[in-house]
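Structural features, examined
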Amino acid sequence: MPPIENEGLEQIRSKIKELIDANQVLVFSKSFCPFCVKVKELFKELNVKCNAIELDLMGKSTIAILRLLLQKTVPNVFINKKHIGGCDKTMKAHNDGVLQKLLGEGSEVFDYDLIVIGGGSGGLACSKEAAALGKKVMVLDYVVPTPKGTNWGLGGTCVNVGCIPKKLMHQTALLGTAMEDARKFGWEFSDQVTHNWETMRTAVNNYIGSLNWGYRVSLRDKNVNYVNAYAEFVEPHKIKATNKRGKEMFYTAAKFVLATGERPRYLGIPGDKEYCITSDDLFSLPYCPGKTLVIGASYVALECGGFLVGLGLDVTVMVRSILLRGFDQDMANRAGDCMETHGVKFLRKFVPTKIEQLEAGTPGRLKVTAKSTESDEIIEGEYNTVLIAVGRDAYTGKIGLDKAGVEVNAKNGKIPVNDEEQTNVPHIYAIGDILEGKWELTPVAVQAGKLLARRLFAGATLKCDYVNVPTTVFTPMEYGSCGYPEEKAVEIYGQENLEIYHSLFWPLEFTVPGRDNNRCYAKIICNNLDNERVIGFHYLGPNAGEVTQGFGAAMKCGITKDQLDNTIGIHPTCAEIFTTMEVTKSSGGDITQSGC
Ligand code: FAD
Ligand code: NA7
């Protein structure tokens, strides 16, 4: 507001009216007043421009202005020319949803309050939560088939081509091992035990089908408008949706959430798209893959290689450099060693250069040529199936982000957001696997989606906490972790400030069958500078997900080594090892276990 020192009351009155008329939100405020700060913060959270007249900074005119206003106290809030009142009344109006309605008046009318692009883990959670808060919501989900033509239903990666089929097939493999163990416990089978891929695939895919259906029903029950169409921005507030028959529809929304996930990366070598499959194809493959080469060494590669060998197949994993990049390397190598014990062959320091078809079929025969990363050595091998698992790319390239002005990391398609999952365009948000530098896990996408909806539409302030996220790699010997890998902890805190406790252990259930003795391993990394707080938790053993989940909660509460020592274990279990760890890594003491 320009200086009005020398103006008469009438002029001031007309200036005030002008200001109220011209601003969607006008707040008469005092810069030091905490209630005014609260109100201004609210509008900031709502992404609504709030014009504040700081009366304490206006000299003499303050008194004149206050004389003319009916409400003499601050904050004094006007929305679309309507007088709201002070802090309490504004907050109440927000909680009752009245404020949002008033803000909507006089502004552009959109088809939806929220459009979510992508009906996977994050998108479904966000859209259902927003609809439960009374918003008009649309979610679009569309699966572009793989180069092999594989397609699937609603629910995204986790349900169709990720966590769910992966864990069920891992379970299939574990049952095979359990059957071997069973003989040692006295079970007798008269017939030779074999595995039928088609039976497993059909059972797993029937279950997935039931989940797809369940998602549809729950969207309908929650009044979310689900559209099975591919969405792309044509304007910042408008998308084009193209369905599988090519029909185009256009929709507008006040706000958007991007949750388009990732898709497997290909190698870019001759024969990769023609002859190879990815995890997007594996779980619904209509035939047993036979002798398989898995290319890649991170978690998708090792998990798939692990369950395939568990089904009795001949499996080789081609590793370019290290196992499980980003995870604790001591643990990664131990998990790899266990895979080798379970029959997986590793071809280390090789990358494929060419895939050729020797014979078509289900499966056919493929020739793979690979070169060493350390020498000129070239090798060739013959496999029935080649599974590429060399990472996943954010699926953001063809959704018209340029039309909406959303910034994207050109190298990997990831979307940078602030700590409220907001992109550089204030009304567009992003969650899940497409985020830059965040965990690519289902529960993370779900939590981020839910909390985002509550912040957008219920005045909540809680943000998604991406720290100390527990996770598990479902290799034949499972690896659960939470917090820092050892390398990272050393880098951040320095070796001299850490105490690392560790132990090998032998699960009781492995003793009678006499397998995997002293292969299971537990390790915690404690920060000496902070009361030996546990900053890294690592577990290699059975039921790693179940074990790690509870310790994840403990780490959220800031558990220390002392508190772990004071926790009484449950006997006989694997998890109890964490309550009795005494040997530090630095001592070099014996960590083998011989009994309970
Ligand atoms: P997604 O679930 O991928 O959903 C995105 C959806 O958007 C997809 O359906 C996609 O088709 C759709 N879409 C994309 N573009 C458009 C568009 N333009 N218009 C309309 N729709 C579009 N996580 C775990 O927590 N535990 C595990 O054990 C685990 N195992 C995994 C195993 C494998 C093999 C893989 C590949 C992943 C695994 N994950 C696991 C990761 C987990 O699946 C992802 O983190 C999670 O699915 C991410 O959710 P999202 O909402 O970001 O994306
Ligand atoms: P990641 O974690 O991105 O790992 C990719 C792996 O593939 C890694 O071992 C790479 O080796 C390897 N890679 C990458 N490019 C090549 C080529 N050209 N040749 C051979 N090997 C290669 O991918 P994932 O698919 O396992 O997991 C992605 C996410 O999906 C994961 O976080 C889950 O949430 C689900 P490198 O170590 O770089 O040498």
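Quick caveat, the model's predicted, so the values are computed rather than measured. (Residues numbered from 1 in each chain as written. Chains lettered and ligands numbered in written order. Predicted model: local features only at pLDDT ≥ 70, side-chain atom pairs only at ≥ 80, totals over all residues. Heavy atoms only, no water.)

With that settled, the discussion passes to the pairing of strand E26 (residues 533-540). Residues in a regular strand project their side chains so that they alternate between the two faces of the sheet. Burial analysis of E26 places 7 of its 8 residues in the buried class, which makes it a mostly covered element. Examined bridge by bridge, strand E23 (residues 479-483) and E26 share 5 bridges and lie antiparallel to one another. Within E26, the position partnered with cysteine 482 by the bridge is phenylalanine 537. Where strand E25 (residues 520-527) meets E26, 7 bridges bridge the pair, whose relative direction is antiparallel. Across the sheet, the residue bridging to cysteine 526 is valine 534, located in E26. Once E25 ends, the chain turns through 5 residues before running back antiparallel as E26, passing asparagine 531 with a positive phi of about 60 degrees. (Buried < 20%, exposed > 50% of the residue type's maximum accessible area, 1.4 Å probe, protein only. Helix = DSSP H or I, 4+ residues; strand = E, 2+ residues; numbered from the N terminus. Pairing = 2+ DSSP bridges.)

Working definition: two side chains of opposite charge can pair if their charged atoms are close together. Per the counting criterion, the structure on display carries 33 salt bridges. One salt bridge connects glutamate 380 with lysine 367, and the closest N-O pair in it is separated by 3.7 Å. A residue pair is termed long-range when its members are at least 10 positions apart, and glutamate 380 in strand E18 (residues 378-383) and lysine 367 in strand E17 (residues 365-372) qualify at 13 residues. Residue classification places glutamate 380 among the exposed positions, given a relative accessible area of 55%. Residue classification places lysine 367 among the partly exposed residues on the basis of a relative accessible area of 24%. Among the salt bridges present, the one from lysine 585 reaches glutamate 486, with a minimum N-O distance of 2.8 Å. Here glutamate 486 lies in helix H16 (residues 486-493) and lysine 585 lies in the segment after helix H19 (561-565), a separation of 99 residues in the sequence. (Salt bridge = Lys/Arg side-chain N within 4 Å of Asp/Glu carboxyl O.)

The UniProt entry lists residues 469-581 under the feature "domain: Pyridine nucleotide-disulphide oxidoreductase dimerisation" (unreviewed entry), expressed in the numbering used here. Along residues 469-581, the helical share is 27% and the strand share 28%, with 23 Å between the first and last C-alpha atoms. (UniProt positions renumbered as here; feature names shortened; annotations may be inferred.)

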